[in-house]
Amino acid sequence: MSAEHWLFFFFAGVAVLGALNLILQRHPIHSALSLILVMASLAVLYLLLGAEFIAAIQIIVYAGAIMVLFVFVIMVLNAGEEERTSLSRVAKFVGLPLAAVFLVEVCYVLYRAWPSEQMVVPERFLGRTEDIGKALYGEFLLPFELTAILILIALVGAVVLAQKEP
Amino acid sequence: MHVPLSYYLILSAILFGLGVLGFLLKRSIIAIFMSLELMLNAVNLSFVAFSYAWQQISGQIFVFFVIVVAAAEAAVGLAIIIMIFRNRASLNIERINLMKL
Amino acid sequence: MLDFLWLIPALPLLSACVLGVVGWRLSKRVICTLGVGSVGLSFAASLGMAWAFFQLAPEQIPIRSSYFTWLAAGNFQVEVGFYLDQLSLLMVLVVTGVGWLIHIYSIGYMAHEGGTYRFFAYMNLFTFFMLLLVLAGDYALLFVGWEGVGLCSYLLIGFYFLRDSASDAGKKAFIVNRLGDFGFLLALFLLFRTFGSLDFDTVFGRAAVLPAESFSPGQAGVLTAIALLLLVGAIGKSAQLPLYVWLPDAMEGPTPVSALIHAATMVTAGIYMIARSHILFAHAPLALAAVATIGCLTAFYAATIGLVQTDIKKVLAYSTVSQLGYMFLGLGVGAFTAGIFHLMTHAFFKALLFLAAGSVIHAMNGQQDIGKMGALRRKIPYTYWTFLIATLAIVGAPGFSGFFSKDEILWRTFETGNQVLWLLALVAAALTSFYMFRLVFLVFHGQARYTPETARQIRESPRVMTWPLVALAVLALAGGWVGIPAALGGANRLARFLEPVFASSHALVQAQGQTILHSHEWELALMGLTALLAATGMGVAYAIYILNPELANNLAQTLRRPYQVLVRKYYVDELYFAAVVRPLHWLSERVFWQAVDVRIVDGAVNATASRARDLGRWARRLQSGNARSYAAWVVVGAVVILSYFVFS
């Protein structure tokens, strides 16, 4: 087993444990911190796949801005622990089993689909910043500009929505 | 021996499934929202894995856009959550049932 | 001239439309002018047509004019076209001539009634349909006229629709007719299936070359079936056994209606139709025998009922049924000319009888019970003398029109070997004489059975009513002179006129039957016998009703049972009610209404609505307001879609 394997399995395990912890914790702040952990390990996995720009973005934007926002809101609202109430009946009897089934079937299909594709060969790394830049300002210029507008809208919307009542 | 593609995809599937579980099981709105973000992350992993496997940069571009949109969505969503908290003084999703016909 | 054939039916139609649409605004004078004038012009046109017809060479007859294609579906095609030969010309003249006289009479009779425009509109519409019927060149157009006269009959019988009995009578007439029409329709279907067309020329041309069918029911073929079904239609329209029950009830309508529709024209449609289809009947001896038998039985049966009726119009109604039976008898023994001859003379004297009766009713201020009349002959002389002339015609007094036509029928019945039928018809003739003179004696002679006050108000009808009576009386007297048989030295012009129409069938029937051509002596002897019986009938009536009025009541008491049966018309109406009307009513109410309509149809509709509502109510539970269940459903949906993609 090579170094990639070890790295992969370790950080995959961390990600899964973080996700489990997110679900199992009662206080939202603990869930938020677990999510940050998940994102960090995913960033390592991105690096393993040679997507250096994306890994950086993941840490800076996703873990560093979005999750911080989450933490701010949790602190501001002073959200306490969750109450214990029962699951909606649909969720308990239909949703959970179906989700489990879904998961198993997807895994099965995936495993059968690409048994032989080998990953993590350093010669095949792509995803340097300049590659991303070229694609973004080349082929994907229009979506790029549109997302700029989208962020603007979200900004304005968030400000308006969260205003204090006059 | 290198890590096969399917391992990455299975990991993505597991994370996505856990996100769905959290979406269904948690009672706090913020926790549900965070499960949503978990699902998005799982999908991102999948995109990057395929981008590497098929040697196309557009997978990573897509991830870029997903992150941007997730940011916007998180901003607006949290603003809405603040409003809900102001109106209902609770973050329990079962208290928010005014949508009933 | 002959190109304007279409004017004859078109004029009454136009008048009917105008009267129907704007008649309510017009003055009575204009209405009467329009209503009577259109038929009058039609009559004038018919006379012109007749004059032009006589100029034609035999090869040019019959005239066919085709106007447009009415129906075209696959290989079924119906043209609107007229067919003028001797038979239809005769019918046209009778319909427009007698019709015109009756229309003139109606001006006076309906003078005090409301709804004059409606009356004349319906009468003109009727005239149009009747003319359409007799001029039609194919069975489909004939059927249009057939149904149309039935409709107008319904409208006119129920003219006083505010009276329950009148509207009931109208319905009865229409519904009983419908039964006959069912047979007619089946005949039309069979005709089309057998000959591929409903056009007279095509059908008769193809039928003529077919062999005559067997007499026994087991081996008769499709022509017999067609003829029998046509007979069913004629039975309904011409009030024969067993579908005659509507005609006595039809007396609820105004008297001119009874005269025109139920004596002179509509009821003769069945006879015309059989005469027109003579080729088919000649090829179906079984059907022809049925025609004769039914006619003869009806003639006798109706005469027995007429013996004891007390309403003046009802006596005449049963008399009509009986005389129609004679016409059927004439057709049924193969004497088509004789049947048509009697149709013509009957139109004259029966219309006269009804109009004169109307005059009596008019004078008696609406009274129709002959038990309350009497000694009217000096008070309303015109009415009396015309009525008497018509009575002499109907009983067959020598020289009058009915004498020649009835005797020809009786003679031909005897000649073709149908002795039993002849005997029965002879007895019926005797009965006819009795009940007709009974009527005359009770109404016009004897003691006045009403108050002096009523007597003071009796006066003769106005000229507009008596003039048509006189005109019809002349026809009733002299109308038969065109058919004086060879035995009496005449040339029988009518028979020779109609012969080209019926030639082939006459020959065919003669070949089939046991016709023994007797000599003129036989014919004269039988004529004498008939006249003697008529005189006997008159004598008996005289004895009972003039000489010894108590005798009538005594006889009624002694023969109580038979008398009751006759007065109650053999309880046929009650029988039909119990056997047909009540079960149908039960069926309609219990089965079709309550079970089918309410439970099944309404039930289905309501069930659909309540299912929809229940479905909605169930589906609404999805909108619980519970965000977590929404989330769960989202996941469920996603799983389903993904599974579809994975496994398909």
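Computed from a prediction, not measured in an experiment: that's the story for all the values here.

How each quantity is defined
- Residues numbered from 1 in each chain as written.
- Chains lettered and ligands numbered in written order.
- Predicted model: local features only at pLDDT ≥ 70, side-chain atom pairs only at ≥ 80, totals over all residues.
- Contact = placed C-beta atoms within 7 Å.
- Helix = DSSP H or I, 4+ residues; strand = E, 2+ residues; numbered from the N terminus.
- Nonpolar A, V, L, I, M, F, W, Y, C, P; charged D, E, K, R; others polar.
- Expected span 1.5 Å × (residues − 1).
- Buried ≥ 20, exposed ≤ 12 C-beta atoms within 10 Å, placed from the backbone.
- Pairing = 2+ DSSP bridges.
- Domains from an automatic or database assignment.
- Axes fitted to C-alpha atoms, helices over the stretch in contact; angles between N-to-C directions.
- Parallel < 35°, antiparallel > 145°, perpendicular 65-115°, else oblique.
- Left-handed = near helix turned anticlockwise from the far one by under 90°.

Asker: Which residues make up the interface of chain B and chain A, and what values go with them?
Answerer: Of the residues lining the interface, 61 residues belong to chain B; the matching set on chain A comes to 76 residues. Of all elements in the fold, only helix H1 (5–25), helix H2 (29–54) and helix H3 (58–88) of chain B reach the threshold of two or more residues within the side of chain B that touches chain A. Of the residues forming the side of chain B that touches chain A, the biggest block, 22 residues, is contributed by H3(B). Considering only residue class, the side of chain B that touches chain A consists of 48 nonpolar, 10 polar and three charged.

Asker: Tell me about helix H2 (residues 28–48) of chain A, and name the residues and values.
Answerer: End to end, H2(A) covers 30 Å across 21 residues, agreeing with the expected 30 Å (1.5 Å per residue, within 8%). The first or second residue beyond H2(A) is A:Gly50, which carries a positive phi of 80 degrees.

Asker: Outline helix H3 (residues 86–109) of chain C, listing residues and values.
Answerer: Here H3(C) is 24 residues long and its end C-alpha atoms lie 34 Å apart, about the 34 Å a rise of 1.5 Å per residue gives. Most of H3(C) sits out of view: 23 of its 24 residues are buried.

Asker: Mind laying out the pairing of strand S2 (residues 76–84) of chain C, listing which residues take part and the relevant values?
Answerer: Looking along a regular strand, one sees the side chains alternate between the two faces of the sheet. Residues and elements named next belong to chain C. Here nine bridges tie strand S1 (residues 63–73) to S2, and the two strands are oriented antiparallel to one another. Within S2, the residue paired with Arg-64 across the bridge is Tyr-83. Connecting the antiparallel pair S1 and S2 is a turn made up of two residues, with Gly-74 showing a positive phi of about 65 degrees.

Asker: Break down the domain arrangement of chain C for me, with residues and values.
Answerer: Per the domain assignment, the segments making up chain C are domain 1 (1–210 + 223–276), domain 2 (284–567) and domain 3 (572–605). Spacing between the C-alpha centres of domain 2 of chain C and domain 3 of chain C amounts to 42 Å.

Asker: With reference to specific residues and values, describe the interface of chain C and chain B.
Answerer: Taken together, the contact between chain C and chain B spans 10 residues of the former and 11 residues of the latter. The leading source of residues in the side of chain C that touches chain B is helix H26 (residues 627–647) of chain C, at five residues.

Asker: Go over the packing of H1(B) against H2(B) with me, naming the residues and quoting the values.
Answerer: Each packed pair of helices is defined by two parameters, the angle between the axes and the distance between the axes. All names here are of chain B. Between H1 and H2, the shortest axis-to-axis distance is 8 Å and the interhelical angle comes to 165 degrees. Taken together, the axes of H1 and H2 are roughly antiparallel relative to one another. As H1 packs across H2, the resulting crossing turns out to be left-handed. Here the residues of the contact of H1 with H2 are counted per class, giving 19 nonpolar, six polar and no charged.

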